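# Examination of the molecular architecture
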Amino acid sequence: MNAYDSDKIALGLDPLGYRLTDSPDKADMIIVNTCAIREKAVQKVFSYLGRVAGLKQIRPDLIIGVGGCVAQQEGDRILKRAPYVDLVFGTHAIGRLPSLLSRLEKKRQQVVDVEMGSRIQEPDGAVIPRGETEVSRFVTIMHGCDNFCTYCVVPYVRGRESSRQPEHILAEIQDLVDNGVREVMLLGQNVNSYGKKEGLPDFTSLLEKINDIKGLDRIRFTTSHPKDLSESLIGAFGRLDKLCRHIHLPVQSGADPILKRMNRNYTSTQYLDKINQLRRVCPDMAITSDIIVGFPGETKRDFDATIALIETVGYDGLFAFKYSDRPNAPATQFSEKVAEHDKDQRLQKVLELQEAITLARNRSLVGQTQEVLVESYRLKPVSGNGGVGAGQWTGRTSTNKIVHMPADEAAQGQAGDIDPGLLIPVLIKKAFAHSLWGLPDGSGARTASGPKGENSHAA
Ligand code: SF4
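Predicted, not measured: the structure shown is a model, and the values here were computed from it.

Burial within strand 15 (residues 402–406) is extensive, with four of its five residues counted as buried. Sheet topology places strand 15 next to strand 17 (residues 436–440); two bridges connect them, and they run parallel. Looking at strand 17, one finds that H404 is bridged to W437.

If you want it as structure tokens, here you go:
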């Protein structure tokens, strides 16, 4: 979501004459778009700000801005800790950036805007890919969250849930497709409740309309709250040809008492029931999730229930984190905090278990032909000497597995030219914990409807 917001910031600043640069040394303005989800991310913000402070000493005209969730959470406290910052703008202020900047330029006074409204105003239009063709892009369909899980800062820093109008979303995706994008990842804190508050057509109806966009090959979305995962959305995985066979369904814990304290509003049995429904509709569906270990009050028995759930589901991948107190989140006040070394051990156990499960699931694909959307090309680094070796293509399966393919002529010759944006059949030859390795299948590449011939890096 922050990557998408950063693009929107760049889009809003474009009419003012600002262009993106890769180098902070060349920048007239540096905007740090921040994340507050964990304490470590907040620490990183201030350490980065400390580094850019040196640039401001050399060039006093440099504008330093802080946006995103830390800006929303800390407001003018950021100026006390980092007095060289010129501008602090919250998650609802992206659309107001041009006027904030003109205030700053006119008065040369620090500006803070962390006002939150019931709806977010954003710069209109899609952020069109620059330079190299980008195959996949994010599209936010809703903002904020009304769920108030007790460990989470999102409702406090991103505000209440609000959905974008379907026609704006569809126009944005059409713009992206017209500029070579082949896949969209729809973003929302809980896409399953899209449109409910506003009385708009529901998320499944939105997916159906997006599925009809010509030239678009794949649709992904994240995140899906298990309590709101509807039968119609589950059914969509069997009906919509562009909807990828992957769902990220965060469970957080396998223990009912912990799920209750987290305010998740489902039990482990209800969660497993949804998993079974998904697998009935789409047996080879990839399922990933989030786990928090060491939530206040988590006993060894609770943790064992989480381990049992991970084994039962057999996830394709997991994001696992140690619980940490966050400002405003109710769980910060909860007693029975779990000792740090217990959290470390539990996290380690989850990660080791998941790595073995992921590897086994990936190995089950060896010998199969998978449809891969080609995303990029790079020269493979040669370990040890810092040099580069043969080139390789990288893409993803519908189930969101990364697939590397050699780019030498012999391998590529089997499928004809390969370019980013093409959907090609790939025979999976090897499996690792984090990726697959395969050869383009000689049965013939399917040319995507996008541009071809640009960025051709074939060796
Ligand atoms: S649903 Fe997600 S974003 Fe919303 S409060 Fe819960 S964890 Fe946070």
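Below, the discussion takes up the layout of surface pockets. Within this model, the second largest pocket holds a volume of roughly 620 Å³. Grouping the amino acids of the lining of the second largest pocket by side-chain chemistry returns 12 nonpolar, four polar and seven charged.

Turning our eyes to something else, we now look at the confidence of the model for the chain. Summarising the model, the chain shows a mean pLDDT of 88, and 89% of its residues fall at 70 or more. Across residues 447–459 the pLDDT falls below 50, and counting only partners more than four positions away or on other chains, this stretch makes 32 contacts in the model.

An order of 5-8-9 is seen for the three strands of this open sheet, with the pairing classed as parallel. Among the strands making up the open sheet, the edge pair consists of strand 5 (136–140) and strand 9 (218–222). Across the sheet, the mean angle separating the axes of adjacent strands is 25 degrees when strand polarity is ignored. The pairing of strand 5 with strand 8 (residues 183–187) spans five bridges and is classified as parallel. Looking at strand 8, one finds that S136 is bridged to E183. Contacts from helix 1 (residues 2–13) reach strand 5 and strand 8 within the one sheet, and its direction differs from that of strand 5 by about 85 degrees. Contacts from helix 8 (residues 203–211) reach strand 8 and strand 9, with the element oriented near 155 degrees to strand 9.

Below, the discussion takes up the packing of helix 8 against helix 9 (residues 231–239). Direction vectors running N to C along helix 8 and helix 9 enclose 20 degrees, while the axes themselves pass 9 Å from each other. What the angle tells us is that helix 8 and helix 9 run roughly parallel. Taken as a pair, helix 8 and helix 9 cross one another with a handedness that is right-handed. Contact residues: helix 8 offers F203, T204, L207 and E208, while helix 9 offers S232, L233, A236 and R239. Among the residues making up the contact of helix 8 with helix 9, the classes are represented as four nonpolar, two polar and two charged.

Calculation rules
- Residues numbered from 1 in each chain as written.
- Predicted model: local features only at pLDDT ≥ 70, side-chain atom pairs only at ≥ 80, totals over all residues.
- Heavy atoms only, no water.
- Buried < 20%, exposed > 50% of the residue type's maximum accessible area, 1.4 Å probe, protein only.
- Helix = DSSP H or I, 4+ residues; strand = E, 2+ residues; numbered from the N terminus.
- Pairing = 2+ DSSP bridges.
- 1 Å grid on protein atoms, 1.4 Å probe; cavity = no way out; pocket = protein on both sides within 12 Å on 5 of 7 lines; lining within 4 Å.
- Points joined across faces, edges and corners; volume = space filled by probe spheres on them.
- Nonpolar A, V, L, I, M, F, W, Y, C, P; charged D, E, K, R; others polar.
- pLDDT = per-residue confidence, 0-100.
- Contact = heavy atoms within 4.5 Å.
- Axes fitted to C-alpha atoms, helices over the stretch in contact; angles between N-to-C directions.
- Parallel < 35°, antiparallel > 145°, perpendicular 65-115°, else oblique.
- Left-handed = near helix turned anticlockwise from the far one by under 90°.

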